[in-house]
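# Summary of structural features
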Amino acid sequence: MNGRLSQFPTLCVFSGCFLVVVAWYFGVHRRWAMVDELRTQLEIQQGVIEQAGVDEASVRRVSAMLAQMGEEAAFYQHCWRSGYDSAALYQELDALAAEAGVQLVRIEPSRTGVQLQRKDAKVRVEGFIIEAQGPYANVAEFVGRVHQSTGLTRFKSLRVYPSSSQGATGQVVATLQTEHVAVAGLFAAGEDSQ
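Read on for an overview of the structure. (Residues numbered from 1 in each chain as written. Predicted model: local features only at pLDDT ≥ 70, side-chain atom pairs only at ≥ 80, totals over all residues. Heavy atoms only, no water.)

Check the secondary structure of the protein chain and you find five helices and four strands. The secondary structure elements of the protein chain, listed N-terminal to C-terminal, are α-α-α-β-β-α-β-β-α. Within the protein chain, contacts between residues separated by at least 24 positions form 67% of all contacts whose residues are at least 6 apart in sequence. Here the protein chain has roughly 13900 Å² of accessible surface; of this, 59% comes from carbon and sulfur atoms. (Helix = DSSP H or I, 4+ residues; strand = E, 2+ residues; numbered from the N terminus. Contact = heavy atoms within 4.5 Å. Areas by Shrake-Rupley, 256 points an atom, 1.4 Å probe, with all protein chains shown as cover.)

This is the structure:
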């Protein structure tokens, strides 16, 4: 009986080794051939690409994507720079109100605001309370334009209610509490070249 017990661990070790060899053969060795075949196909494809050169359609697509990215970067740089100047932001809000056909009743800075400076980059968050009056559709258009056209803008609150002014039938008043992120010097290298 002791002889059988001493053979059992040996049998387990040999069985484990056999399973490892079988797993290696079916799991690794057989896949090695597939990897070699894929490597050969890749080398052939790279050779074809190098001989044929770059596809003109791909170059045009990449150029168009780069141009679009450049336009978006220029838009945000402009918005961030103009947002850093409060007077320019006031003028932009006046222009947006005129385009939407609403009257600005008031624009005043709110008490919120943060300013950070790291090296040459300056980030400022300014809050404003904006009150606009006009027909509902025009006021809604103004709110959309403020959100889309004034750079990085977040609405903290937006209230729309009927106007209480005499003779203002169908008119609404919207009170917007906004935060505008203004950035200067973030793209210093790009700004110098423009």
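Structure shown, so let's carry the discussion forward.
Here we come to the packing of aromatic side chains. The tally for this structure, following the rule as stated, stands at one aromatic pair. Ring geometry for Tyr90 and Phe128: centres 5.4 Å apart, planes at 85 degrees, overall edge-to-face. A residue pair is termed long-range when its members are at least 10 positions apart, and Tyr90 in helix H3 (residues 86-100) and Phe128 in strand E2 (residues 121-135) qualify at 38 residues. Residue classification places Tyr90 among the partly exposed positions, given a relative accessible area of 26%. We classify Phe128 as buried; its relative accessible area is 2%. (Phe/Tyr/Trp six-rings, centres within 6.5 Å; stacked < 30°, edge-to-face > 60°. Buried < 20%, exposed > 50% of the residue type's maximum accessible area, 1.4 Å probe, protein only.)

What follows deals with the packing of H3 against helix H4 (residues 136-149). Viewed as axis vectors pointing N to C, H3 and H4 meet at an angle of 145 degrees, and their least axial separation amounts to 9 Å. Regarding H3 and H4, the two cross each other, and that crossing is right-handed. On the side of H3, the interface is formed by Glu92, Leu93, Leu96, Ala97, Glu99 and Ala100, while H4 contributes Asn138, Glu141, Phe142, Arg145, Val146 and Ser149. (Axes fitted to C-alpha atoms, helices over the stretch in contact; angles between N-to-C directions. Left-handed = near helix turned anticlockwise from the far one by under 90°.)

Moving on, we get to the pattern of salt bridges. For the structure shown, the criterion picks out six salt bridges. We note a salt bridge from Arg106 to Glu131, for which the minimum N-O separation is 3.3 Å. On the criterion of sequence distance, the pair formed by Arg106 in strand E1 (residues 103-118) and Glu131 in strand E2 is long-range, its members being 25 residues apart. A residue is classified by how much of its surface remains accessible, and Arg106, at 31% relative accessible area, is partly exposed. Glu131 gets classed as buried once you look at its relative accessible area, which sits at 15%. Because the salt bridges share partners, they merge into one network encompassing Glu99, Glu141 and Arg145. (Salt bridge = Lys/Arg side-chain N within 4 Å of Asp/Glu carboxyl O.)

Attention now moves to H3. Spanning 15 residues, H3 covers 21 Å between terminal C-alpha atoms, matching the ideal 21 Å at 1.5 Å per step. When we look at burial in H3, the residues that qualify are Leu89, Leu93, Leu96, Ala97 and Ala100. Down the axis of H3, the sector holding all buried residues measures 100 degrees, keeping them to one side. Of the exposed residues in H3, the ones pointing more than 90 degrees away from its buried face are Gln91 and Ala98. (Expected span 1.5 Å × (residues − 1). Arc of directions from axis to C-beta.)

It is worth stressing that arrangement in space is one thing and function is another; only the former is reported here.
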